[in-house]
Amino acid sequence: MAWALRRNVLNLVYKKVRNAVYGWTIKDWCAAYHDKSQSPGVLLPSLLQQLRQRQDNAWISLATDAQLASQLDALARRWQDADGDPAVLPLYGVPFALKDNIDAAGWATTAGCPDYLYKASVSAPGIEKLQRAGAILIGKTNLDQFATGLVGTRSPFGIVANAFNPEYIAGGSSSGSAVVVSRGEVPFAIGTDTAGSGRVPAGFNNLVGLKPTRGWISSRGVVPACRTLDCLSVFALDVDDAALVAEQMAGFDSDDPYSRESTTTISGFPAPLRLGIPSGPEWFGDELAQQRYIETCADWQALGAELVELDFSLLHQAAALLYEGPWLAERYVAVGDFVARQGKSLDPVVSGIISKGRDFAASDYFRAEYRRAELKRDSDRIWQQVDALLVPTAPIHYRISDIQAEPVLLNSRLGTYTNFVNLLDWCALSLPAGMRTDGLPFGVTLIAPAWSDRALQSLARRWQRHAPWNRGATGKSLPAPQPCSHQCAPDYVRVAVVGAHLSGMPLNYQLVERRALFVERATTSSEYRLFALPDAVPPKPGLICVGDGAEIEVELWDIPITLFGSFVALIPAPLGIGTLRLADGRSVKGFICEDRVRQGARDITAFGGWRAYIASTLPKHNSATTTTAG
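Residues numbered from 1 in each chain as written. Predicted model: local features only at pLDDT ≥ 70, side-chain atom pairs only at ≥ 80, totals over all residues. Heavy atoms only, no water.

Enquirer: What is the right way to look at the pattern of salt bridges in this model?
Expert: In a structure, side chains of opposite charge can pair up when their charged atoms sit close to one another. One pass over the full model with this rule turns up 37 salt bridges. With its nearest N and O atoms 2.8 Å apart, the salt bridge here joins Asp584 to Arg586. Taken together, the salt bridges that share partners define one network made up of Arg54, Asp56, Arg183 and Glu185. (Salt bridge = Lys/Arg side-chain N within 4 Å of Asp/Glu carboxyl O.)

Pasting the structure below:
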């Protein structure tokens, strides 16, 4: 009787914790710890117990009491060493999940195959970095065996069902990682991505799925699928969390031969934004997905993007190399010897796919690699026409029963817009794009050249502010993402423009032709006044620091440092480049004006910016058009 009473009390406590923390973002977890009555030692054991009570096929293993205690002890030491500074531990006490083909020290790794199980002695570098930043590993998640599949049904640990409707697939291979985030059990999870495994499950479960540039995050400590293509990926509820986690994991790893350092990091795209979309996209009969994509494209146009239809035939040819060519041999190199022994827990579909890899000769690989290089060169010409691609994350969403009846063909269709990305060395970010009329989520993916990761994140924040989504499948809303806060790359100069160089204005081409990158709109501090310069052609303003003024609208652009001098040389007197203070406290280079012009110029500070002033000078029937074009 006493035990029954105690059990009921415990259940009430766990239910309270679940209701409190399920669906929390990283920011929510960090904010909770500001309350001294809350601590990782209180919240995390309760969360773990709740997960143990409802453990299902999404999880392969959960932390033992000893594993959790060990992590909490290490966290306490780190907190003490950091003198309690949250900036040193940005993930302090934040729980996360890990796809079970990635090593964590002291944990078993199965890659979705019980017979393959081994205990990892060291963690993958990215996971070690997360724990150094304060994150706590709560459990390891289910996957398509050996990361072979985009469906989430190929595992002896059981099928992982979609978080919205259990009749539908969760997507794979990182199925468990996506579902536990969508259900709100952890704020983020780590997956892998070779052909779309970090994107398709995100699209099917209303999540952000970040597929980084290959080599930005070390892939050491991962059971390989295709070692030359594998990436660690991030599932999160919103863009800010995904970006934060990726930044914590990133960095060159001298022990990983496929790790690399960026030569140029693109922080933003020039305006006006040009997005490439497939001409005549294939939907395989899924009219609901088609309708959501059409509506999503219209929303991007409302954001000011120009949509450019492109022929995707070269991209599809590259994708075909991955599952129809000798890259299957790379999967065989990774686990082929084990598969050849035909263990009892091998999934028959996975075994059949990997076994085909032994049929390729070395000459087959070189022929395919030469073709891949040709396709890479030709496909990269796309970036002369557009800044990024906007594609459906997946063209169709299947029921589990459909996949079981036709496991290979339907799986291949899911990768229509994902399979080519890693082969062509591009980066990608999958984003929620509303709900279909059948109650399932729909996702789109932004794709850009290597090292455009931060530019995609900046663009994704704009999308989240424009078309907000709920937290996975929890039904809870999300706060708006924070303004872009990334640093200017070392080989760029950040410049605030205030007048004729604004997007859509007459001199903006001087930035665009130097491949300057639009970062964000901002305002100056309130110590500036804006003046319309007399007789300037084209019309220009002068921004003067007077101490008593108002916040003035500006745009921030990053200019390649090698081209900055040629840009400055075009600036006529009385204008020049100096240091501006922004309303949020930042200081950047920007346009300033000599004080002497004030006597002959019109003070237009009250308009709040040059764009509003120009609009006021135009006939009323043109004002709206001009403003929209800017």
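Enquirer: Help me understand the environment of Leu273 in this model?
Expert: Among the structural elements, Leu273 can be located in the loop between helix 8 (239-249) and strand 9 (274-278). Sequence separation between Leu273 and Ala388 is 115 residues; the distance between their C-alpha atoms is 8.5 Å. Residues in contact with Leu273, not counting those within four places in the same chain, are Trp300, Gly304, Ala305, Glu306, Asp387, Leu459 and Arg462. (Helix = DSSP H or I, 4+ residues; strand = E, 2+ residues; numbered from the N terminus. Contact = heavy atoms within 4.5 Å.)

Enquirer: I keep staring at the side chain of Asp256 and nothing clicks. Help me out?
Expert: Within the fold, Asp256 resides in the loop between helix 8 and strand 9. The side chain of Asp256 is buried and forms no salt bridge, while Arg227, the nearest opposite charge, is found at 4.9 Å. Within the structure, Asp256 has its side chain in polar contact with the backbone nitrogen of Tyr258 (distance 2.9 Å). Not counting chain neighbours up to four residues away, the residues in contact with Asp256 comprise Ser218, Ser219 and Arg220. (Buried < 20%, exposed > 50% of the residue type's maximum accessible area, 1.4 Å probe, protein only. Lys, Arg positive; Asp, Glu negative; His and termini not counted. Polar contact = N/O pair within 3.5 Å; in protein donor to acceptor, adjacent residues only side chain to side chain.)

Enquirer: Just checking my understanding: could you explain the environment of Gly191 for this structure?
Expert: Mapped onto the elements, Gly191 comes out in strand 6 (residues 188-193). Spatially, the C-alpha atom of Gly191 lies 9.6 Å from that of Gly172, the residues being 19 residues apart in sequence. Among all residues touching Gly191, those that are not within four sequence positions of it are Lys99, Ile102, Ser174, Ser177, Cys231, Leu232, Ser233 and Phe235.

Enquirer: Just checking my understanding: could you explain the pairing of strand 13 (residues 441-449) for this structure?
Expert: If a strand is regular, its side chains alternate between the two faces of the sheet. Counted residue by residue, strand 13 has eight buried out of nine residues, so it is predominantly covered. In this sheet, strand 13 lies alongside strand 11 (residues 388-392) in antiparallel orientation, the contact comprising four bridges. For Val391, the partnering residue across the bridge sits in strand 13 and is Thr445. Counting the residues between successive antiparallel strands, the hairpin from strand 12 (residues 426-435) to strand 13 contains five residues, one of them, Gly439, with a positive phi of roughly 90°. (Pairing = 2+ DSSP bridges.)

Enquirer: It is not clear to me how the sheet that holds strand 9 should be interpreted in this structure. Could you clarify?
Expert: Backbone hydrogen bonds hold the strands of a sheet together, and the pairing may be parallel or antiparallel. Strand order in the open sheet formed by 11 strands is 1-5-2-6-8-7-12-13-11-9-10, with mixed pairing between adjacent strands. Each end of this open sheet is capped by a strand with a single partner; those strands are strand 1 (59-62) and strand 10 (306-310). Sheet twist, expressed as the mean angle between neighbouring strand axes with direction ignored, is 25°. Summarising the sheet, strand 1 and strand 5 (residues 136-141) pair through three bridges and their orientation is antiparallel. What sits directly across from Trp59, in strand 5, is Thr141. Against the sheet, helix 17 (residues 453-466) contacts strand 7 (208-211), strand 9, strand 11, strand 12 and strand 13, and its axis sits at roughly 10° relative to strand 12. (Axes fitted to C-alpha atoms, helices over the stretch in contact; angles between N-to-C directions.)

Enquirer: What exactly am I supposed to notice about the pairing of strand 12 here?
Expert: Judged by how many residues are buried, strand 12 sits mostly within the fold: eight of 10 residues are covered. Two strands pair when backbone bridges link them, and strand 7 and strand 12 are joined in this way by three bridges, in the antiparallel orientation. When the bridges of strand 12 are listed, Lys211 appears paired with Ala428. Examined bridge by bridge, strand 12 and strand 13 share eight bridges and lie antiparallel to one another. Across the sheet, Trp426 pairs through a bridge with Pro449, a residue of strand 13.

Enquirer: Could you clarify how one ought to interpret the packing of helix 9 (residues 287-302) against helix 17 in this entry?
Expert: Packed helices, taken two at a time, are described by the angle their axes make and the gap between the axes. The geometry of helix 9 relative to helix 17 is characterised by a closest axis approach of 11 Å and an angle of 105° between their N-to-C directions. Comparing the axis directions of helix 9 and helix 17 gives the class roughly perpendicular. Contact residues: helix 9 offers Thr296, Asp299, Trp300 and Ala302, while helix 17 offers Leu459, Trp463 and His466. (Parallel < 35°, antiparallel > 145°, perpendicular 65-115°, else oblique.)

Enquirer: Quick question: what am I supposed to make of helix 5 (residues 125-132) here?
Expert: Because each turn of an α-helix spans 3.6 residues, side chains separated by three or four positions end up pointing in the same direction. Of all eight residues making up helix 5, six are buried, and the element is well covered by its neighbours. Buried within helix 5 are the following residues: Pro125, Gly126, Ile127, Lys129, Leu130 and Gln131. Packing partners of the buried residues in helix 5 comprise helix 4 (65-81), strand 2 (95-99), strand 5, strand 6, strand 8 (231-236) and helix 8. Residue Gly134 follows helix 5 closely and has a positive phi angle near 110°.

Enquirer: In this structure, what is going on with the sheet that holds strand 15 (residues 517-523)? I would like to understand it.
Expert: The sheet built from five strands is open, its strands ordered 15-18-14-20-19 with mixed pairing. Strands at the two margins of the open sheet, each flanked by one partner only, are strand 15 and strand 19 (575-581). On average, adjacent strands in this sheet sit at an angle of 35° to one another, irrespective of strand direction. Inspection of the sheet shows strand 14 (residues 492-497) paired to strand 20 (residues 587-593) by two bridges, in the parallel sense. Within strand 20, the position partnered with Ala496 by the bridge is Gly590. Sheet contacts for helix 19 (residues 561-568): strand 14, strand 18 (553-560), strand 19 and strand 20; angle to strand 18, the most-contacted strand, approximately 125°.

Enquirer: Even after reading the chapter, I still don't get the environment of Ser218, so can you show me in this structure?
Expert: Among the structural elements, Ser218 can be located in the loop between strand 7 and strand 8. Between the C-alpha atoms of Ser218 and Cys297, which are 79 residues apart in sequence, the distance is 34 Å. Each residue touching Ser218, except ones within four places of it in the same chain, is listed here: Pro125, Leu232, Gly251, Asp253 and Asp256. A polar contact is formed between the side chain of Ser218 and the backbone nitrogen of Arg220, at a distance of 3.2 Å. Within the local environment of Ser218, its side chain forms a polar contact with the side chain of Asp256, the two groups lying 3.3 Å apart.

Enquirer: Looking at this structure, how should I read the confidence of the model for the protein?
Expert: Close reading of the predicted structure is inappropriate where its pLDDT is low. Looking at the protein as a whole, the pLDDT averages 92, with 94% of positions reaching at least 70. In this model, residues 1-18 is a region of pLDDT below 50 whose contacts with residues beyond four sequence positions or in other chains number 12 contacts. Across residues 621-630, confidence stays below pLDDT 50; counting only partners more than four residues off in sequence or on other chains, it has nine contacts. (pLDDT = per-residue confidence, 0-100.)

Enquirer: Got a minute to help me understand the packing of aromatic side chains in this structure?
Expert: The description of two aromatic rings rests on the distance between their centres and on the angle between their planes. Throughout the structure, instances matching the rule amount to 22 aromatic pairs. Judged by centre distance (5.5 Å) and plane angle (70°), the rings of Tyr365 and Phe366 are edge-to-face. With a centroid separation of 5.5 Å and an interplanar angle of 70°, the aromatic rings of Phe607 and Tyr613 are classed as edge-to-face. Joined through ring pairs, the aromatic side chains of Trp24, Trp29, Tyr33, Trp79 and Tyr92 make up one cluster. (Phe/Tyr/Trp six-rings, centres within 6.5 Å; stacked < 30°, edge-to-face > 60°.)

Enquirer: Got a minute to help me understand the state of the cysteines in this structure?
Expert: Working definition: the covalent bond between the sulfur atoms of two cysteines is a disulfide. Considering all chains together, one arrives at zero disulfides under this definition. Cys427 takes part in no disulfide bond, and the closest cysteine sulfur, belonging to Cys231, lies 9.7 Å away. Cysteine Cys545 is unpaired, with the sulfur of Cys593 as its nearest cysteine sulfur at 12 Å. (Disulfide = S-S within 2.5 Å.)

Enquirer: Is there a simple way to think about a nonpolar patch on the surface in this case?
Expert: On the surface, Tyr365, Phe366 and Tyr370 cluster together into a nonpolar patch covering about 330 Å² of accessible area. Here Phe366 shows up in helix 13 (residues 362-379). The partly exposed category is assigned to Phe366, whose relative accessible area is 43%. (Patch = residues over 30% accessible without salt bridge, like charges linked within 9 Å, V, L, I, M, F, W, Y side chains within 5 Å. Areas by Shrake-Rupley, 256 points an atom, 1.4 Å probe, with all protein chains shown as cover.)

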